[in-house]
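Overview (structure and organization)
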Amino acid sequence: MSVFNRRASTVNLNQLVTNIPVRRKAADQVERDKFEWSQWQSATKAINSIESPAKEKHVRNLILGTFRLEGGRLFWAMMTRLQLESHPIVCWKFCYVMHRILRDGHKHVVHDSVPLAPYFEQLGKFWSALRQSYGTMTYRYCRLMISKLTFHERNPTFSGNLSIGEQNDIRRIFNDNLDAYFQLCIELLDYMEELLGLVEVVFTSLDQSRANSMTTAGQCRLHPLILCIQDSSILYDYIVKVLFKLHDSLPGDTLQGHRQRLIEQFRRLKRFYEQSSTLQYFRDLIKVPSLPDQPPNFKLKDDIKNYQTPVAIIHTPPPEPTQTIDDILIDTSDDTRSISNFPSNDDWAAPNGYVNLPDRSNEITDLEQRLLKCDIMLRENRSETDELHRLIAAKDTELVTERNHRLQLEDQLRQQLDNQRRVEEMHKLENKSNSDEKFNKLLEAYNKLREEHIVVLRREGEVKKQLANLNQEHTQLKEAHQKMSNEFNRIKTDYEQLQMHNHEELNQEITQLRQTNDNTYMDMNNIKFQ
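Residues numbered from 1 in each chain as written. Predicted model: local features only at pLDDT ≥ 70, side-chain atom pairs only at ≥ 80, totals over all residues. Heavy atoms only, no water.

Applying the stated criterion across every chain, the model contains 24 salt bridges. Across the pair K245 and D176 runs a salt bridge whose closest N-O atoms are separated by 3.9 Å. Of the two residues, K245 sits in helix α11 (residues 225–249) while D176 sits in the loop between α8 (134–154) and α9 (178–209), which places them 69 residues apart along the sequence. For D176, a relative accessible area of 66% corresponds to the exposed category. (Salt bridge = Lys/Arg side-chain N within 4 Å of Asp/Glu carboxyl O. Helix = DSSP H or I, 4+ residues; strand = E, 2+ residues; numbered from the N terminus. Buried < 20%, exposed > 50% of the residue type's maximum accessible area, 1.4 Å probe, protein only.)

What follows is the structure, given as structure tokens:
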């Protein structure tokens, strides 16, 4: 279920935090209290109402805390006590720290934070009423966080910093599932849209407040854009590669909307990079990537050879100014106030309260020595870090070169496979043409036999009809013959009877005539004798 389907009229952050699982817990209660107190100090120093960027050491400590506990439950538990609705700068810094933890923290932090997306929506609606300065910026940042959590919920393959492994080759995660790539491109474009919306609001606010990048007020507004530069370069690279993959298999008209969205975002992203590269604050912290004058032409498959992945490289942060003793004492008293305001009934109290030493000079000397040692260690670590960054940059360059070479080899292999496939298709077409000729001949013979069979069937029907008529006539003639035979037999019988009767009568008459003749003869003889 999407995070947008879990909205409520009022989100209870405490209830949502209790649903986050506890994956790891310190066995020693004293060690646990010390660790949780250290995390609380870092949280209160990184997220406060002071208009200045959060210090890296505090944010880094919170990130390390997520790895120690393998999740974000402790961080979110601390956020329930910070009253994020009390001040817009507090909420602005909270969004930045949360963004950092999602990117660089333990992998479970993203999973733990997805159900809390409705809380960001509630915060955004709350600060959207303040239509100026940090109110509008916080509203846009909350929308970006919702978009990020939604993206990670729908695409768990991507880690918090948007890496996917296998040298970030997004063209292999879904194989040839074009539907998945089509939907992924839409989600990447939506993610980029929210990110660019935040960037534009920040620069507009910076112009209206007449603050520059070298003031604490300007740096407080601009500091989250470092994460936006990192995310946007990766998102742009993913979108371009996904669109090239889609154009290899889908018609250009189907992807017209995707291309138009990317062209518009390309112009806005290029303007963002150009504006950022001119700011001195960004020059000391990050190497802003550059984009070409025109977006890639996706209708040309070979244009991917000219495409270069934009890479944002983080520089070593500048050394923090050394604090005076008075500042240290003030900060310590602020921490003491934080201790008094923090609830003491849930094992979060400070292990030791603030104690004023009687001899302040010894304390000052001790603190100066400690600061000097820390400064020496910091400089040594910074030089090592700079060397590592230079090595990383060189390796990144080699990796980009190797990746481009591999892409060229893949393109050549793809072309060879395409040529081989075309040759096979030509052979198939030739075989198909021969098969078509044979099929046509067989079809003609079949049609001829079929027509002859139809003619034979028609003739057979006519013959059967004629035979039926002849049978009917034969039956009628047979019946007539029978009738005539019967009549003939009757007439013959009658004739024979009549003949017999006539013969008898004739015999009688002959007999009579003979008798009469005999009598007459005798009479005549008698007369004669007389």
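Time to look at the side chain of H58. Its location among the elements puts H58 in helix α3 (residues 56–69). Apart from the residues lying within four places of it in its own chain, the contact partners of H58 are S42, K45 and A46. (Contact = heavy atoms within 4.5 Å.)

Moving on: the confidence of the model for the chain. For the chain, per-residue confidence averages 81 on the pLDDT scale, and residues scoring 70 or more make up 84% of the total. Within the model, pLDDT remains below 50 along residues 1–8, and this stretch shows 17 contacts once partners closer than five positions in the same chain are excluded. For the stretch residues 321–358, pLDDT sits under 50, and the model shows 39 contacts to residues farther than four places along the chain or on other chains. (pLDDT = per-residue confidence, 0-100.)

Here we take up the packing of aromatic side chains. For the structure on display, the rule yields 18 aromatic pairs. Look at F174 and Y181: their rings are 5.2 Å apart centre to centre, the planes differ by 75°, and that puts the pair in the edge-to-face class. Look at F174 and you get partly exposed, because its relative accessible area is 24%. Ring geometry for Y236 and F266: centres 6.1 Å apart, planes at 35°, overall tilted. Of this pair, Y236 sits in helix α11 while F266 sits in helix α12 (residues 256–277), placing them 30 residues apart in sequence. Here Y236 matches F266 in class, with each residue buried. Of the aromatic side chains, those joined through ring pairs into one cluster are F75, W76, F94 and F120. (Phe/Tyr/Trp six-rings, centres within 6.5 Å; stacked < 30°, edge-to-face > 60°.)

Core analysis: the largest hydrophobic core is formed by 105 residues, its most contacted members being F75, W76, F94 and M98. Among all residues touching W76, those that are not within four sequence positions of it are L13, V17, I20, F94, M98, S113, L116, Y119 and F120. (Core = buried A, V, L, I, M, F, W, Y, C linked by side-chain atoms within 4.5 Å.)

So, about the state of the cysteines. Enumeration over the complete set of coordinates arrives at zero disulfides. With no disulfide of its own, C142 has C95 as its nearest cysteine by sulfur position, at a separation of 3.9 Å. On the accessibility criterion, C142 (1% relative accessible area) is buried. (Disulfide = S-S within 2.5 Å.)

On the surface, L388, L391 and I392 cluster together into a nonpolar patch covering about 280 Å² of accessible area. Following the sequence through the fold, L391 ends up in helix α15 (residues 360–529). The partly exposed category is assigned to L391, whose relative accessible area is 45%. (Patch = residues over 30% accessible without salt bridge, like charges linked within 9 Å, V, L, I, M, F, W, Y side chains within 5 Å. Areas by Shrake-Rupley, 256 points an atom, 1.4 Å probe, with all protein chains shown as cover.)

Moving on, we get to the environment of P115. Positionally, P115 belongs in the loop between α6 (108–113) and α7 (117–128). When the C-alpha positions of P115 and L149 are compared, they lie 8.7 Å apart, and in sequence the two are 34 residues distant.

Relative to the 36 Å expected for 25 residues at 1.5 Å per residue, α11 spans 36 Å between its end C-alpha atoms, a close match to the ideal helical length. Of all 25 residues in α11, 23 are buried; the element is thus mostly enclosed. (Expected span 1.5 Å × (residues − 1).)

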